[in-house]
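As a plain string of letters, each chain reads:
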Amino acid sequence: MDYFLIQSTNGAVIGIIYALIAAGVTLIFSILKIVNFAHGDLYMLGGYTSYYVNSLLGVPPLGALVLSMVTVFAVGIIIERLLLTPLYSDRTERKDEYGIIVTFGLAFFLRNAALNVFGPFALKPPSFLTGLQRFGALVVTNDRIFAGVTGLVLIFGLLYFMKGTIWGQALDAVSQSRDSAAIVGINARRFNSLAYGVGAALAAAAGALIAPIFSLSPDMGVLPNIQSYVIVILGGMGSVSGSIIAGILLGEAQALFTAFMPDPTRALSYSNAFGVFVLMVVLMVRPTGIFGRRHVRME
Amino acid sequence: MRGLPAAVLAALAVLALVFVRGLNDYWIHVAIIAMFYGILTSSWSLLAGYAGLFSLGHMAFASIGAYTSALLIQWYHIPIPLGMVAGIALCCLLGAWIGWVCLRMSGPYLAIFTLAFSEIVRITFSTEDEVTAGMAGLHTVTLFSTQASRLPFFYLAFALLAGSLALIGLIVHSRWGLFLRAIREDEQAAAASGVAVARFRILAFAVASGFAALAGTFYAHYIGILTPSLGSLDLMAVVVVMTVIGGMERIPTAVGGAFAVEFLQEYLRAYGEWRLVIFGLILLLTMRFARNGLITPLWLQLVRFGEPRRVSAGAPTAPREAGQEGSGG
């Protein structure tokens, strides 16, 4: 029973982190209409930025988290301006093909650049809060609590931003119809950049939060990237609240799957395959996802 | 077929076959690996460039084919060619099945689905290490003795590449190739014009997966050791880089991309791991500014040289326009 509690707490924390990554994927998808195959690498970049800001500049971990979000937000906007503008031009043919190859190539580029710049060895940044908490038999490290709580704050911040502010409303308008949004005076180009930047910043926050719990490596983004697709497909392309529910469900499912499989070494490696398998089944049965919004589909 | 390009390619091939005798083992090895990639890029180009099906699971099929062949030979001691054929046949079936499952998926959904498929295959092969030896590597029987020269492997790889190119070329220059292109441009319009969209999407997947398996089995029985990283995302990215840099909409340019990248990779050995960063950058620049690929203009020039007689005989500009139209498509 204790083991069950510990595993489900860990699962919830990982689930929140996944949801944070997936919320970015979904935001970018609903505005730019592309699947960002480089999202896991922005997550990796966020983790490393936070580590180096902390160790080289001596900024405390919380400040490093904020700085890494700001940096990766800027990187996201630069990427969008340099590489993704053909997506809005009428002269570009087969935009989804362009989106897939460019973001897939970007992922390859970022991963190998990280391998050269940061080195192949795993790095472990310092904790946000050292120590651990006991609740009866349940023992949780402060880092996990911090990651979970900060993740939730960011997710609710995003939800508030989307529903409660004029910019969020404008983003929603662009996602529903680019032309109608332009007619009511929304500059769609600016909101494309904003969406990609915010998505990248959320991924960076996830990377910075997870770094003290696991560790940093250039290929740390590969599996979370695929897990975020699982969540986005389950939660429905374009639905931020759907991906939060799906994220926590996936985190729990994986943690409990790992905990209660009879063969522990297999359970650990198959727990990643488990989510991916769910993804394949959902795609076969309902290609728009379970909570999908109908207007947010690929053209 | 167009006259001059075919003649030039044949001449180049003969030249390569003669020239290879003077090369040392190292460069022969590079050439063999380039041809291995050539089979992969040409078949991926058939799938992604012609039919518009962005599968990221191409290397998964190569690794399934390779493991099938290696394990069948280990368990039942069947001859190597039979094992290779078995691997290829299995991948054709599996490819057809994946093609059938993906019928309702378009663009990015298909890419995500095949990415998921390829990760499951890789995770399974590395976890079930009692059977596949996992990341330690499965020892395979090589086709020829590796003690002596690598020349037999070179000739075999050459024959396999030439055979694959002939077959893929036959497909893309037939009506089937037109159907595949029609499906890529507009699936509904193609269906309305009487193209059996479902049948040709499945067919494209089956054929391309078969060729991926051919490359994979050859690799397994050449290198002599097989690890799950044959089906990794990084290798898939290398195939995408090669195909896109060369030009994914034509088979010859896709193969040219494989050769160019593979030889550059050896030539720039001093730069170590930075090479992959450079190739990633080239890929991004190619997509952004020259989406038809870097080898495509050269190839079109070559094709144009092949048609002067027709130009002098009649309409002076017609073939030129046709060539440009092809590049835009």
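Conventions used here
- Residues numbered from 1 in each chain as written.
- Chains lettered and ligands numbered in written order.
- Predicted model: local features only at pLDDT ≥ 70, side-chain atom pairs only at ≥ 80, totals over all residues.
- Heavy atoms only, no water.
- Helix = DSSP H or I, 4+ residues; strand = E, 2+ residues; numbered from the N terminus.
- Rg over C-alpha atoms; globule rule 2.2 N^0.38 Å.
- Buried < 20%, exposed > 50% of the residue type's maximum accessible area, 1.4 Å probe, protein only.
- Contact = heavy atoms within 4.5 Å.
- Areas by Shrake-Rupley, 256 points an atom, 1.4 Å probe, with all protein chains shown as cover.
- Lys, Arg positive; Asp, Glu negative; His and termini not counted.
- Charge placed at Lys NZ, Arg CZ, Asp CG, Glu CD.
- Buried area = accessible area lost by both parts, 1.4 Å probe.
- Salt bridge = Lys/Arg side-chain N within 4 Å of Asp/Glu carboxyl O.
- Polar contact = N/O pair within 3.5 Å; in protein donor to acceptor, adjacent residues only side chain to side chain.
- Core = buried A, V, L, I, M, F, W, Y, C linked by side-chain atoms within 4.5 Å.
- Pairing = 2+ DSSP bridges.

> How should the overall build of chain A be read in this particular structure?
Along chain A, the regular secondary structure elements total 11 helices and 2 strands. Start at the N end of chain A and walk to the C end: the helices and strands fall as α-α-α-α-β-β-α-α-α-α-α-α-α. At 19 Å, chain A has a C-alpha radius of gyration in line with the 19 Å of a compact globule built from 299 residues. Based on the C-alpha atoms only, the size of chain A along its principal axes is roughly 60 × 50 × 35 Å.

> How should I be thinking about the overall build of chain B in this particular structure?
The number of helices and strands found in chain B is 16 helices and 2 strands. The C-alpha radius of gyration computed for chain B amounts to 20 Å, which stays within 12% of the reference 20 Å derived for 329 residues, consistent with globular compactness. Taking the principal axes of its C-alpha atoms as reference, chain B extends roughly 65 × 50 × 40 Å. Looking at chain B as a whole, 51% of its 329 residues are labelled buried. Counting only contacts in chain B whose residues sit at least 6 apart along the sequence, the fraction spanning at least 24 positions is 80%. A total accessible area of about 14200 Å² is found for chain B, and carbon and sulfur atoms account for 67% of it. Looking at charge distribution, chain B has the averaged site of its 19 positive side-chain charges lying 10 Å from that of its 16 negative ones.

> Could you clarify how one ought to interpret the interface of chain A and chain B in this entry?
Frequently, the measure chosen for interface size is the accessible area removed from exposure when the parts meet. With 48 residues of chain A at the contact, the number on the chain B side is 47 residues. Summed over the three residues of chain A that lose the most area to chain B, namely Ile 101, Phe 104 and Phe 108 of chain A, the buried surface amounts to 16% of that side. Joining chain A to chain B, the criterion identifies 4 salt bridges. Between Asp 234 of chain B and Arg 111 of chain A there is a salt bridge, with its nearest N and O atoms 2.9 Å apart. Linking chain A with chain B are 9 residue pairs in polar contact (both at pLDDT 80 or more), by the criterion used here. Contributing elements (two or more residues each) for the side of chain A that touches chain B: α3 (61–84), α4 (95–118), α9 (222–235) and α11 (264–285) of chain A. No other element matches α4 of chain A, which puts 17 residues into the side of chain A that touches chain B.

> Looking at this structure, how should I read the nonpolar core?
Generally speaking, nonpolar side chains in soluble globular proteins are found buried as a group. Counting 196 residues, the largest nonpolar core has Leu 32, Phe 37, Leu 84, Leu 106 and Leu 171 of chain A together with Tyr 37 and Leu 40 of chain B as its most contacted members. Each residue touching Tyr 37 of chain B, except ones within four places of it in the same chain, is listed here: Leu 235, Val 238, Val 239, Met 242, Ala 258 and Glu 262 of chain B.

> Would you mind showing me how to read the pairing of strand β1 (residues 132–135) of chain A here?
Along any regular strand, the residues point their side chains to alternate faces of the sheet. All names here are of chain A. By the bridge criterion, 4 bridges tie β1 to strand β2 (residues 138–141) in an arrangement that is antiparallel. The residue bridging Phe 135 from the neighbouring strand is Leu 138, located in β2. Hairpin remark: β1 followed by β2, antiparallel, with 2 residues in the connecting loop; positive phi at Gly 136, about 65 degrees.

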